[in-house]
Amino acid sequence: MLTKFETKSNRVKGLSFHSKRPWILASLHSGVIQLWDYRMGTLIDRFDEHDGPVRGVHFHQSQPLFVSGGDDYKIKVWNYKLHRCLFTLLGHLDYIRTVQFHHENPWIVSASDDQTIRIWNWQSRTCISVLTGHNHYVMCALFHPKEDLVVSASLDQTVRVWDIGSLKKKTVSPADDILRLSQMNADFFGGVDAVVKYVLEGHDRGVNWASFHPTLPLIVSGADDRQVKIWRMNDAKAWEVDTLRGHMNNVSCVLFHSRQDIIVSNSEDKSIRVWDATKRTGLQTFRREHDRFWILGCHPEMNLLAAGHDSGMIVFKLERERPAFSVSGDSLYFVKDRFLRFYEYSSQKDTQILPIRRPGSNSLNQGPRTLSYSPTENAILICSDVDGGSYELYIIPKESITRGDTVQDAKRGVGGSAVFVARNRFAVLEKSTNQVLVKNLKNEIVKKSALPVAADAIFYAGNLLCRAEDRVYIFDLQQRLVLGDLQASFVRYVVWSSDMESVALLSKHSIIIADKKLVHRCTLHETIRVKSGSWDDNGVFIYTTLTHIKYCLPNGDSGIIKTLDTPVYITKIFGNTIFCLDRDGKNRPIAIDSTEYIFKLSLLKKRYDHVMSMIRNSELCGQAMISYLQQKGFPEVALHFVKDERTRFNLALESGNIQIAVASAKEIDEKDHWYRLGVEALRQGNSGIVEYAYQRTKNFERLSFLYLITGNLDKLSKMMKIAEVKNDVMGQFHNALYLGDVQERIKILVNAGHLPLAYATAKTHGLNDIVEDLAEKLQGNIPNLPSRSSSLLIPPTPVLCGGDWPLLRVMKGIFEGGLDNVGKGGNEEYEDAGDADWGEDLDIVDVENTQNGDISMALDDEGAPEEENEEGGWDLEDLELPADVETPKAATKAFTVPTVGMPVSQIWVQKSSLAAEHAAAGNFETAMRLLNRQLGIKNFTPLKSLFIDLHMGSHSYLRCFSASPVISLAIERGWSESASPNVRAPPALVFNFSQLEEKLKASYKATTTGKFTEALRLFLTILHTIPLIVVESRREVDEVKELIIIVKEYVLGLQMELKRRELKNNPVRQQELAAYFTHCNLQQPHLRLALMNAMTVCYKAGNLITASNFARRLLETNPVLENQTKTARSVIQAAERNMKDSTELNYDFRNPFVVCGATYVPIYRGQKDVVCPYCNSHFVVSQEGQLCTVCDLAVFNRVWIPKKS
């Protein structure tokens, strides 16, 4: 059995596969119906309107419907797209056992404990026939897949076959009046729609299930007499063919496999049995330890089965469907239907070569698993699971053999794997001795080599590639050395490139790309199972999953090439054609479009001439391609694929192409885009574009500030007049402040009614005439001003007035001028304005005497005649710039602003959710937030030095010249020269798990020698370092969790021991702390020392019973030191002579407890406590909200109530 999917739930009573999608319905005894995607392993939906167990469920073959029947006597028809029940069919008077849709007609058949079978029309929502005849519960009723028959099984020990042909004729409109008349007579005189055709009697107990064969006139049934019976029928009669015995309890379900000549049954004896339908013998049995099986389901088109049991369901296959094959040059050798076949790629000719031996056993899954070919000797090695793993060696004859010819006797042997390693030598893995046996073509052992690491499979790699439990390694058979190894989860298939320079290691859900020395390049993870793969001529790995053909570039980038209807296995790739084998062993050429991954590969390898050629000639488009180019730092390339103006605008800003950005902004003409254009132009120092953008958005405040910093005082004074016309007091005041015009500021303050401020301004700047006039107006309310020397608030004059700021002179980009300019129209428009002076684009006329006029007058050219507007009022909302103000032109000289890259530390922070990598990037705040959210840590004082060490350790610093600043360089983890400069690896970290192991050993040593203060310091260091450790595998995660528990126990114990030594005058408390120390989870030598210590303290205090308890526990550890054993036995003897405790302790060794980490008192089972979210130390409830005294990091604030045991 090959289990594909498994669920844990309530008892599953009904199952149904969807005919097209990878879905399965499971109806539960709890009343819930679950819809699962068995390929992804996810729960899609759940339906829970039934009251009580749901025993039957079935998908419609073509409509988005399924039907269910339950113990509430209801049949419900559901639409899974609408996620609701459409209607309910009522009529049955007892539990409904099964429901099923008809494959053609709009019918549902249902079986019930009311001893009837009902056929319903789900379109008219009515019952169209009731089949009566059984005199006990009807356990099952199913339509025949092709004919007008229904089979039913009942606890009355019979199987009945019903003919529903009349019912079908009744539902079809009669073609003539005579047929219509006969039908009316039949209805009037009580015609029967369904009649019993056969009654099959032979079971001794109630029958639980019966089902038809998909094509043959056979029926199979299973009953409470523990037997499976096969029945044959013809037009006249039906009879029992054979009985299959083997189940040890009631047979709950049985059916024919849809694609193989086998019968599958399951039973309440907790087993699934597979039977040969032809030989009528048992093939295989699969058992569960605790779960009874209730239902079976068979996929209508695929080789999939499902079984429901007491605690869930399993989806499984009985045999592997992947053909064994080997590629050699232009040829493919593969096994199909017990024959070795040869396929030539160039002619696409398929030839049968020779038959291969059939396995002697009757068990399943004994077919060929792998195939290895030696082209020089024309020899084939075929490995299978026969006899626990064996191989067969065939020499291919020059002429093909037909079925009538005699078969050559293959050379056979036992071995886990076998593969050719030389022209006439092959290697066989002997698992029992962990040796590789090298044999010649006579099947004689030539050489033996012991493997350094236990391996369970071997593959060809020039030498040998061996698969161990969690890694693969290359073993040289000549030198008997390991040439390279790589950590990898269970590798199923190994695919080498044609030049043997690259290898792909295929696991169930991942692909690892490495070089010939197993140096890791990249890892790719898939949610759907990886099935096969092959390298193309460009060094791109093409692979298939269950649903897609995909590609993987050398840097780990991947994408989808094509969607698959059925899984295929890639054998060879020629250009844009993929040759593959399907599950039926047929060779299929599949044409693909390789443009996308070739384009990405060219970018990766910096073949920019190929990139430019593909841009000109290919139809590359789509958001995925655009986002990829952005991600890889080529927004200027992405710009040439985009026609959407908004996307073009964003890409133009990102690549610094102001010309295209201006053209797109004019097309979009939205305030936000003009604002962003102004920001980018300001960053580049292109003041003309900035001014133009501010004009288009009528952003007068920013425009005024721009004139200030560029020193354009003429336009700044005109902006002040515009503000006055607009009645914008603050704008007018700011402009006056920028200009240093004190009298204008005083005038504005007076008009606004701020006379004291106007007085202070005039007095400060020595304008005595104005001061006297304002003093009269203030009438004695004159403010007191400090007597200080004052100066005008005038901004300094800019160094460079007008024009653009100087730009950095850089080389042209790699694509500059080589690509067709998409924004050509925009550029021609700018060429017309080539001689324009940037400082004169917004020529603001004198508006000194403008009154009641449109503000647009202020923005007209000087030569334009002024228009009079006699209609009073301000029309400030319709400010329009004149049409003849030409758009400024971006600088076209050899100045190009380089694209600012993102700092490496920022990339680390964006890509990672690990606190250690955030600390390494120097972003301590987010690191602390992550630790608080993930581990509940709130006290970061102990981690300060570790944060600094991480940050300093992940950077290096270079000084080029004495006068230049120090350059900081980021140090990346796993960096190699072949890595892409555009892909940043995570930071190198100064802390790792192996360091903690060394510290743990040092801590153990300090504890053994009694240096408790030093040991406590080392253990706390480990506890503080663990949150900043990055682990690479699931096994290391478990080890880190285990390490936290170990260290926590030692910290708590050592704290109690040091506390005990401080209490000189409290012998009772000393005994308690010594006793509690023995209940910490310590290593065996330290536990013996703690028990010895507690025994000594209690014995000296006169608590002999307690001391004897510690002595017995000490003897149970089998101490290696003779004096410990002798002392313990002496204490027990002394206690037996005087069984008493002189003082009462708060210690009950019979009642399990944990020790509070703050108060050092026992918390017995059943008492409430609070737990540290990081180290899992326990505390009494009164400590809630306090800082954990064990780890000194986290705050516990949740009360945990233990469950009753």
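Thresholds, definitions, all that
Per chain, the residues get numbers from 1 upward, laid out in the order the sequence is written. Local features in this predicted model are restricted to residues whose pLDDT is 70 or higher, and side-chain atom pairs enter the listing and the counts only when it is 80 or higher, whereas totals over whole chains, interfaces and linings include all residues. Side-chain calculation: all heavy atoms of the structure are included, whereas hydrogens and water are not. Helix numbering and strand numbering both begin at the N terminus, where a helix is a DSSP run of H or I of at least 4 residues and a strand a DSSP run of E of at least 2. Type-normalised accessible area, obtained with a 1.4 Å probe on protein chains alone, sets the label of each residue: buried when under 20%, exposed when over 50%, and partly exposed for intermediate values. For the accessible areas, the method is Shrake-Rupley and the probe is 1.4 Å, while residue cover comes only from the protein chains on display. Definition of a polar contact: a pair of N or O atoms within 3.5 Å, with one able to donate and the other able to accept a hydrogen when the atoms are protein atoms, and with sequence-neighbouring residues admitted only if both atoms are side-chain atoms. Contacts are assigned to residue pairs with any non-hydrogen atoms lying within 4.5 Å of each other. Every residue gets a pLDDT, meaning the predictor's confidence in that residue, from 0 to 100. Any Lys or Arg side-chain nitrogen located within 4 Å of an Asp or Glu carboxyl oxygen qualifies as a salt bridge. Note on pairing: DSSP must find at least two bridges between two strands before they are called paired. Lines fitted to the C-alpha atoms define the axes, with helices restricted to the stretch that makes contact. Angles between their N-to-C directions range from 0 to 180 degrees. Planes of paired rings set the category: under 30 degrees apart is stacked, over 60 is edge-to-face and the rest tilted, where pairs are Phe, Tyr or Trp rings (Trp by its six-membered ring) whose centres lie within 6.5 Å. Working rule for helices: expected span equals 1.5 Å times residues minus one. Think of it as the arc spanned by the lines of direction from the helix axis to the C-beta atoms. Residues enter patches when their relative accessible area tops 30% and they take part in no salt bridge; the joining distance is 9 Å for like charges and 5 Å for the nonpolar side chains Val, Leu, Ile, Met, Phe, Trp and Tyr. Residues scored as positive are Lys and Arg, those scored as negative are Asp and Glu, and His as well as the terminal groups of each chain are ignored. Charge placement uses NZ in Lys and CZ in Arg. For Asp and Glu, CG and CD serve respectively. What makes a nonpolar core is a set of buried Ala, Val, Leu, Ile, Met, Phe, Trp, Tyr and Cys residues whose side-chain atoms join them at distances within 4.5 Å. If an angle is under 35 degrees, it is roughly parallel; if it is over 145, roughly antiparallel; if it lies from 65 to 115, roughly perpendicular; otherwise it is oblique. Here is the rule for handedness: rotate from the far helix to the near one, and if that takes an anticlockwise turn smaller than a right angle the crossing is left-handed, while a clockwise turn gives right-handed. Residues were grouped as follows: Ala, Val, Leu, Ile, Met, Phe, Trp, Tyr, Cys and Pro as nonpolar; Asp, Glu, Lys and Arg as charged; and all remaining residues, including Gly, as polar.

The helix and strand inventory of the chain stands at 28 helices and 62 strands. In the chain, which comprises 1205 residues, the share counted as buried stands at 50%. For the chain, the exposed area adds up to about 59,400 Å²; of that, 48% sits on carbon and sulfur atoms.

Within the secondary structure, Gln227 is located in strand E20 (residues 227-233). At 3.4 Å, the side chain of Gln227 forms a polar contact with the side chain of Lys229. The contact partners of Gln227, leaving out residues within four places of it in the chain, are His203, Ser221, Gly222, Thr243, Leu244, Arg245 and Val251.

For the chain, mean pLDDT is 81; residues scoring 70 or higher make up 84% of the total. Note on residues 184-191: pLDDT is under 50 here. Beyond four places in sequence and across chains, it has 2 contacts. Predicted confidence is poor over residues 817-887, with pLDDT under 50, and the contacts of this stretch with residues over four places away or in other chains come to 104 contacts.

What follows is about the pattern of salt bridges. Tallied over the full model, the rule gives 39 salt bridges. One salt bridge in this structure joins Arg11 and Asp310, with 3.1 Å as the shortest N-O distance. One end of the pair, Arg11, is in the loop between strand E1 (2-8) and strand E2 (12-17); the other, Asp310, is in the loop between strand E27 (305-309) and strand E28 (312-317), and 299 residues separate them in sequence. Note on Arg11: relative accessible area 21%, which makes it partly exposed. A salt bridge links Arg97 to Asp113; its shortest N-O distance comes to 2.8 Å. You can see Arg97 sitting in strand E10 (residues 96-101) and its partner Asp113 sitting in the loop between strand E11 (107-112) and strand E12 (116-121), a full 16 residues away along the chain. A single burial state applies to Arg97 and to Asp113, both of which are buried. Look at the salt bridges and you will find they share partners, linking Glu6, Lys8, Arg288 and Asp291 into a network.

Below, the discussion takes up unusual backbone geometry. Of note in the backbone geometry, Arg125 takes a positive phi value of approximately 60 degrees without being a glycine. Relative to the elements of secondary structure, Arg125 occurs in the loop between E12 and strand E13 (126-132).

With that out of the way, let us pick up the pairing of strand E42 (residues 463-467). With respect to burial, E42 is a largely interior element, 4 of its 5 residues being buried. Alignment of strand E41 (residues 457-461) against E42, held across 5 bridges, turns out to be antiparallel. From the neighbouring strand, Tyr460 faces E42, where its bridge partner is Leu464. Hairpin remark: E41 followed by E42, antiparallel, with 1 residue in the connecting loop; positive phi at Gly462, about 80 degrees. Examined bridge by bridge, E42 and strand E43 (residues 471-476) share 4 bridges and lie antiparallel to one another. By the bridge assignment for E43, Leu464 is matched with Phe475. Hairpin connection from E42 to E43: 3 residues lie between these consecutive antiparallel strands.

Here the focus is the sheet that holds E11. Here 4 strands make up an open sheet; going across it, the order is E10-E11-E12-E13 and the pairing antiparallel. Edge positions in the sheet fall to E10 and E13, since each of these pairs with one other strand and no more. Across the sheet, the mean angle separating the axes of adjacent strands is 20 degrees when strand polarity is ignored.

Our focus in this paragraph is the packing of aromatic side chains. For the structure on display, the rule yields 34 aromatic pairs. Ring centres of Tyr1004 and Tyr1050 lie 5.4 Å apart, and the angle between their planes is 50 degrees; on these two criteria the pair is classed as tilted. You can see Tyr1004 sitting in helix H22 (residues 993-1008) and its partner Tyr1050 sitting in helix H24 (residues 1034-1062), a full 46 residues away along the chain. Aromatic side chains Tyr1076 and Phe1153 sit 6.1 Å apart centroid to centroid with 70 degrees between the ring planes, which places their arrangement in the edge-to-face category. Of the two residues, Tyr1076 sits in helix H25 (residues 1067-1077) while Phe1153 sits in strand E58 (residues 1153-1155), which places them 77 residues apart along the sequence. Using a relative accessible area of 0% as the deciding quantity, one classes Tyr1076 as buried. Relative accessible area serves as the criterion here: at 13%, Phe1153 is assigned to the buried category. An aromatic cluster of at least three residues, connected via ring pairs, comprises Trp23, Phe47, Phe59, Phe66, Trp78 and Tyr80.

Because each turn of an α-helix spans 3.6 residues, side chains separated by three or four positions in sequence point in the same direction. Compared with the 20 Å implied by 1.5 Å per residue over 14 residues, the 20 Å span of helix H23 (residues 1012-1025) between its first and last C-alpha is a close match. Taken together, the buried positions of H23 are Phe1012, Ala1015, Leu1016, Leu1018, Phe1019, Ile1022, Leu1023, His1024 and Thr1025. Its buried side turned inward, H23 meets helix H21 (944-953), H22 and H24.

Right, let's get into the environment of Ala591. Of note, Ala591 is situated in strand E55 (residues 587-591). Setting aside anything within four residues of it in sequence, one finds Ala591 in contact with Lys562 and Asn576.

All right, on to the sheet that holds E41 then. Each strand in a sheet pairs with another by means of backbone hydrogen bonds, the pair being arranged parallel or else antiparallel. Strands sit in the order E41-E42-E43-E44 across an open sheet of 4 strands; the sheet is antiparallel. Because the sheet does not close on itself, it has two edges, and the strands there are E41 and strand E44 (481-487). Going across the sheet, the axis of each strand differs from the next one's by a mean of 25 degrees, ignoring polarity.

To continue, consider H21. Those residues of H21 that fall on the buried side of the exposure criterion are Leu946, Phe947 and Leu950. Burial along H21 is one-sided: seen end-on, the buried residues are contained in an arc of 105 degrees. Where H21 is buried, its residues touch helix H19 (915-920), helix H20 (924-935) and H23.

We now examine a negative patch on the surface. Together, Asp769, Glu772, Asp773 and Glu776 line one region of the surface with negative charge. Looking at where Asp773 falls in the secondary structure, it is placed in helix H16 (residues 768-778).

Turning our attention to the nonpolar core. Proteins that are soluble and globular tend to have nonpolar side chains buried together. Formed by 81 residues in total, the largest nonpolar core has its most connected members in Phe1019, Met1095, Cys1172, Tyr1174 and Cys1191. Of the residues forming this core, the biggest block, 10 residues, is contributed by H24. Residues contacting Cys1191, with those up to four places away along its chain left out, are Leu1023, His1024, Cys1172, Tyr1174 and Cys1175. In this structure, Phe212, Leu255, Leu296 and Val315 belong to the second largest nonpolar core, which totals 58 residues.

Positionally, Ser912 belongs in the loop between helix H18 (904-911) and H19. Its relative accessible area of 12% is what places Ser912 among the buried residues. A distance of 2.9 Å separates a polar atom in the side chain of Ser912 from the backbone nitrogen of Leu914. Within polar-contact distance, the side chain of Ser912 engages the side chain of Glu917 at 2.6 Å. When sequence neighbours within four positions are dropped, the list of residues in contact with Ser912 reads Glu917 and His918.

Every regular strand shows the same layout, with side chains that alternate between the two sheet faces. By the bridge criterion, 4 bridges tie strand E45 (residues 493-496) to strand E46 (residues 502-506) in an arrangement that is antiparallel. Pairing of Val494 across the sheet is with Leu505, part of E46. Between the end of E45 and the start of E46, which pair antiparallel, lie 5 residues, with Met500 showing a positive phi angle near 60 degrees.

What follows covers the packing of helix H7 (residues 645-655) against helix H8 (residues 658-668). In contact at an axis separation of 8 Å, H7 and H8 are set at 150 degrees when each is read in the N-to-C sense. It follows that H7 is roughly antiparallel to H8 by the angle criterion. Crossing hand, H7 versus H8: left-handed. Where H7 abuts H8, its residues Glu645, Arg646, Arg648, Phe649, Ala652 and Leu653 lie against Ile660, Ala661, Ser664, Ala665, Glu667 and Ile668. Across the contact of H7 with H8, the residue classes tally to 7 nonpolar, 1 polar and 4 charged.

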